[in-house]
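Here are the chains, one letter per residue:
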Amino acid sequence: RIPAAQALPRLALRDGLPRLLEVVASLMQRSSPGGVGDGLGDIPDRHAIERLGEGFDLRQVVTEYRLLRACVLRLWTSRENATHRPEEELVFHEAMDEAVAASVSRYSLARERTLQALDRISTAALGSADAAELLPALLQVLRETVAVVDVAAVLLLEEGVLRVESVVGTGMAVGDVVRMGEGFTGTIAATRKPLLVRAARTDSRASEPSLRDADLSALFGVPLLLGGQLMGVVLMGSRATHELSEEDQFLF
């Protein structure tokens, strides 16, 4: 019934909750409350970032866990020949409490970080007369906010090709051109979907000479859309890591 949830497909609505239940069940079988936080791993963090990106507020994220807990307990107590196992129940409740706490913490930190970045972008926009001034400032905010980013670029669609309009970092250059449907950037433009590669140096999808020159490991790109119109593509890449976290991707 949450408006933000109504447009989600069933798989996105379930998100990481089935995996969470599997991990909690495994913890319960051990009947040991110690190490619950480590056992859950990054499941609550990933769930929080997904929900933040999908427009859930913090109360709605917590409500999901409340509903999940209630469903599990109702099914548990309704089983035939159900036996009371205090040790297992203790682990279950501790695991659910830890999942809520971890999700709340990650959601709050990611939202604060995002708002700070948006505030800096808004300030840059107010001080920029046109896109030629705004885009380098925007990319610099990104590079300073996402520490692992070494290169970031905006390519705009002009007469059927994508042209590098602005870039921070070394390797790519203003004026570099990529055709629609070709390479990493052209694929994003053609499909209008984000794309992530974790080994850009060897991945055949990152075939553009400019990307090869940038010598990147992790590479992420998203289409720039205004309504239904494709405006261009924006890229960020890292030389030092093969992973760009979901929080960094969301912020980007």
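Please read these numbers as outputs of a predicted model, since none were measured by experiment. (Residues numbered from 1 in each chain as written. Predicted model: local features only at pLDDT ≥ 70, side-chain atom pairs only at ≥ 80, totals over all residues. Heavy atoms only, no water.)

Caption draft 1: Up close: the overall build of the protein. A count of helical and extended segments in the protein gives eleven helices and six strands. Put simply, the protein has 252 residues, and 40% of those count as buried. By sequence separation, contacts in the protein at least 24 residues apart represent 57% of the contacts at least 6 residues apart. Taking the average place of the 27 positive charges on the side chains of the protein and the average place of its 35 negative ones, the gap between the two points comes to 5 Å. (Helix = DSSP H or I, 4+ residues; strand = E, 2+ residues; numbered from the N terminus. Buried < 20%, exposed > 50% of the residue type's maximum accessible area, 1.4 Å probe, protein only. Contact = heavy atoms within 4.5 Å. Lys, Arg positive; Asp, Glu negative; His and termini not counted. Charge placed at Lys NZ, Arg CZ, Asp CG, Glu CD.)

Caption draft 2: Main features of helix α9 (residues 183–191). Every buried residue belonging to α9 is among Gly183, Phe184, Thr185, Gly186, Ile188 and Ala189, and all of these are buried. Directly beyond the C-terminal end of α9, a positive phi value near 60° is found at Arg192.

Caption draft 3: Inspection of the pairing of strand β2 (residues 161–168) at higher detail. Relative to β2, strand β1 (residues 151–158) is paired through seven bridges, and the arrangement is antiparallel. Along β2, the bridge assignment pairs Glu158 with Val161. A loop of two residues connects β1 with β2, the two strands running antiparallel in sequence, and Glu159 in this loop sits at a positive phi of about 55°. Here three bridges tie β2 to strand β3 (residues 177–179), and the two strands are oriented antiparallel to one another. Bridge pairing in β3 places Val161 opposite Arg179. (Pairing = 2+ DSSP bridges.)

Caption draft 4: Spatial organisation of the nonpolar core. Counting residues in each nonpolar core, the largest one holds 27 residues, and the members touching the most others are Leu20, Val24, Leu27, Met28, Leu40, Tyr65 and Phe92. Mapped onto this core, the elements with two or more residues apiece are α3 (17–30), α4 (36–40), α5 (43–54), α6 (58–78) and α7 (86–126). It is α7 that contributes the most residues to this core, seven residues altogether. If we ignore the near neighbours within four places in the chain, the residues touching Met28 are Trp76, Glu88, Val91 and Phe92. Core analysis: the second largest hydrophobic core is formed by 22 residues, Ala153, Phe184, Ala189 and Val197 among them. (Core = buried A, V, L, I, M, F, W, Y, C linked by side-chain atoms within 4.5 Å.)

Caption draft 5: The arrangement of the packing of aromatic side chains in detail. Under the definition given, this model contains two aromatic pairs. Above the ring of Phe56, the side-chain terminus of Arg51 is found at 4.8 Å from the ring centroid. (Phe/Tyr/Trp six-rings, centres within 6.5 Å; stacked < 30°, edge-to-face > 60°. Lys NZ or Arg CZ within 6 Å of the ring centre and 35° of its normal.)

Caption draft 6: Structural context of the side chain of Gln60. Here Gln60 lies in helix α6. In this structure, Gln60 is in contact with Ile2 and Gly55, ignoring residues within four places of it in sequence.

Caption draft 7: Spotlight on the packing of α7 against helix α8 (residues 131–145). Contact geometry for α7 and α8: axes closest at 9 Å, N-to-C directions at 155°. By the angle between their axes, α7 is roughly antiparallel relative to α8. Of the two possible hands of crossing, α7 and α8 adopt the one that is right-handed. Here α7 contributes Arg113, Ala117, Arg120, Ile121, Ala124 and Ala125 to the contact with α8, which in turn contributes Leu134, Ala137, Leu138, Val141, Glu144 and Thr145. For the contact of α7 with α8, a count of residues per class yields eight nonpolar, one polar and three charged. (Axes fitted to C-alpha atoms, helices over the stretch in contact; angles between N-to-C directions. Parallel < 35°, antiparallel > 145°, perpendicular 65-115°, else oblique. Left-handed = near helix turned anticlockwise from the far one by under 90°. Nonpolar A, V, L, I, M, F, W, Y, C, P; charged D, E, K, R; others polar.)

Caption draft 8: Spotlight on α6. Between its first and last C-alpha, α6 extends 31 Å over 21 residues, near the 30 Å set by a 1.5 Å rise per residue. Among all positions of α6, only Gln60, Val61, Glu64, Tyr65, Leu68, Arg69 and Trp76 are buried. Its side-chain oxygen at 3.2 Å from the backbone nitrogen of Arg59, Asp57 defines the N-terminal cap of α6. (Expected span 1.5 Å × (residues − 1). Polar contact = N/O pair within 3.5 Å; in protein donor to acceptor, adjacent residues only side chain to side chain.)

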